[in-house]
Amino acid sequence: MTHVIDGKALAVKLQGELAEKTARLKAETGQVPGLVVILVGENPASQVYVRNKERSALAAGFRSEVVRVPESISQEDLLALIDCYNQDPLWHGILVQLPLPAHIDDEAVLLAIDPNKDVDGFHPLNMGHLWAGNPVMVPSTPAGIMEMFREYDIDVEGKNAVVIGRSNIVGKPMAQLLLAKNATVTLTHSRTHHLAKIARKADILVVAIGRAKFVTADFVKEGAVVIDVGMNRDENGKLCGDVDYEQVAPLASYITPVPGGVGPMTITMLMSQTYEAAVRALKK
Ligand code: GUN
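Labelled according to an unreviewed UniProt entry, the protein appears under the name Bifunctional protein FolD, originating from Streptococcus australis ATCC 700641. The record held by UniProt for the protein lists under Subunit (unreviewed entry) the comment "Homodimer." Looking at the protein in UniProt, the text filed under Pathway (unreviewed entry) is "One-carbon metabolism; tetrahydrofolate interconversion."

Structural data, given as structure tokens:
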């Protein structure tokens, strides 16, 4: 029997718990978690993501600010802006929405964010902590997937986990988090030979390759847990994942739908990391 993992419901539950924890933190310590999101330019998808982040931060009871700067901003000015928020103790999380315009060096921007405020977990220091097995700030999408495994009692220990996609945002940190929970991990990508054959060995298959309905039935072993990180449009313009849901769902023991699976968890985990950063800041 196939269980559909309801990311939306889990996100709503966790957001509610977070709002309660935030109210308690405020009452007991006066500390209010603060999240600032910097949006460069007017990328339509980024504008939607940023609005959702702001909404979620306010719903959790956080201090929230969105700084919209023009596409033409110089790298120097952007780095100076980030530094203002680095220095300001009111803000515990700083996020620069990606992608950035071509004239700005992503790496320089990610390096400029105080690692203690890097709620995206993209700073090389935080990536290094994760690789070393001591995660502090973890990218939200894979963190949300681990939370789904916890909620649905999916034990990854000793299992064959195959991750398709090697981005810094999803694939690489996903592989590390699975490894930290003692899964046997294979990290694959678009150039991997015999990808379907490797994927068929997976007890847990996480797909983040960014191609609509890329994973078909021949990639999936009967009873596998299938996690779909994709967000694409199909030939009819309908939202779909990287997994061909109709083909794959009957084979899977657990599967995430698109929409309503991984997506809603990502923002919730970002809020959770901002809360944790605010608590850590109190202890300094
Ligand atoms: N653009 C797409 N996803 C993300 C994300 O998780 N963080 C940031 N900063 N930008 C993104």
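The structure having been displayed, the exposition proceeds.
On to the pairing of strand S3 (residues 63-69), then. Relative to S3, strand S2 (residues 34-40) is paired through 7 bridges, and the arrangement is parallel. Bridge pairing links Leu35 to Ser64 in S3. Regarding the hand of the β-α-β motif, the stretch spanning S2, helix H2 (residues 44-59) and S3 is right-handed.

A few words now on the pairing of strand S7 (residues 204-207). Residues Ile204 and Val206 of S7 are buried on one face, and the alternating residues Leu205 and Val207, pointing to the opposite face, are buried as well. Strand direction decides the pairing type here: strand S5 (residues 160-164) and S7, joined by 4 bridges, are parallel. Residue pairing for S7: Val163 is matched across the bridge by Val206. Where S7 and strand S8 (residues 225-228) come together, 4 bridges link them in parallel fashion. Its bridge partner being in S8, Ile204 is matched across the sheet by Val225.

Read across the open sheet, the 6 strands follow the order S1-S11-S8-S7-S5-S6; overall the sheet is parallel. With one partner strand each, in any of the chains shown, strand S1 (3-4) and strand S6 (184-188) form the two edges of the open sheet. Across the sheet, helix H7 (residues 171-180) lies against S5, S6 and S7, angled at about 170 degrees from S6, the strand it touches most.

Here we have 3 strands laid out as an open sheet, ordered S3-S2-S4, and parallel in their pairing. What marks the edges here is a single partner per strand, and that holds for S3 and strand S4 (93-96). This sheet shows a mean twist of 15 degrees between the axes of neighbouring strands, independent of strand direction. Here H2 sits on the sheet in contact with S2, S3 and S4, set at roughly 160 degrees to S3. Relative to the sheet, helix H10 (residues 262-282) contacts S2 and S4, its axis offset from that of S2 by approximately 130 degrees.

Moving on, we get to the environment of Ala23. The residue Ala23 is located in helix H1 (residues 7-29) in this model. For Ala23, a relative accessible area of 45% corresponds to the partly exposed category. Along the backbone, Ala23 and Val136 are 113 residues apart, and their C-alpha atoms lie at a distance of 23 Å.

Calculation notes
Residues numbered from 1 in each chain as written. Predicted model: local features only at pLDDT ≥ 70, side-chain atom pairs only at ≥ 80, totals over all residues. Heavy atoms only, no water. UniProt positions renumbered as here; feature names shortened; annotations may be inferred. Pairing = 2+ DSSP bridges. Helix = DSSP H or I, 4+ residues; strand = E, 2+ residues; numbered from the N terminus. Right-handed = clockwise from strand over helix to strand, strands pointing away. Buried < 20%, exposed > 50% of the residue type's maximum accessible area, 1.4 Å probe, protein only. Contact = heavy atoms within 4.5 Å. Axes fitted to C-alpha atoms, helices over the stretch in contact; angles between N-to-C directions.

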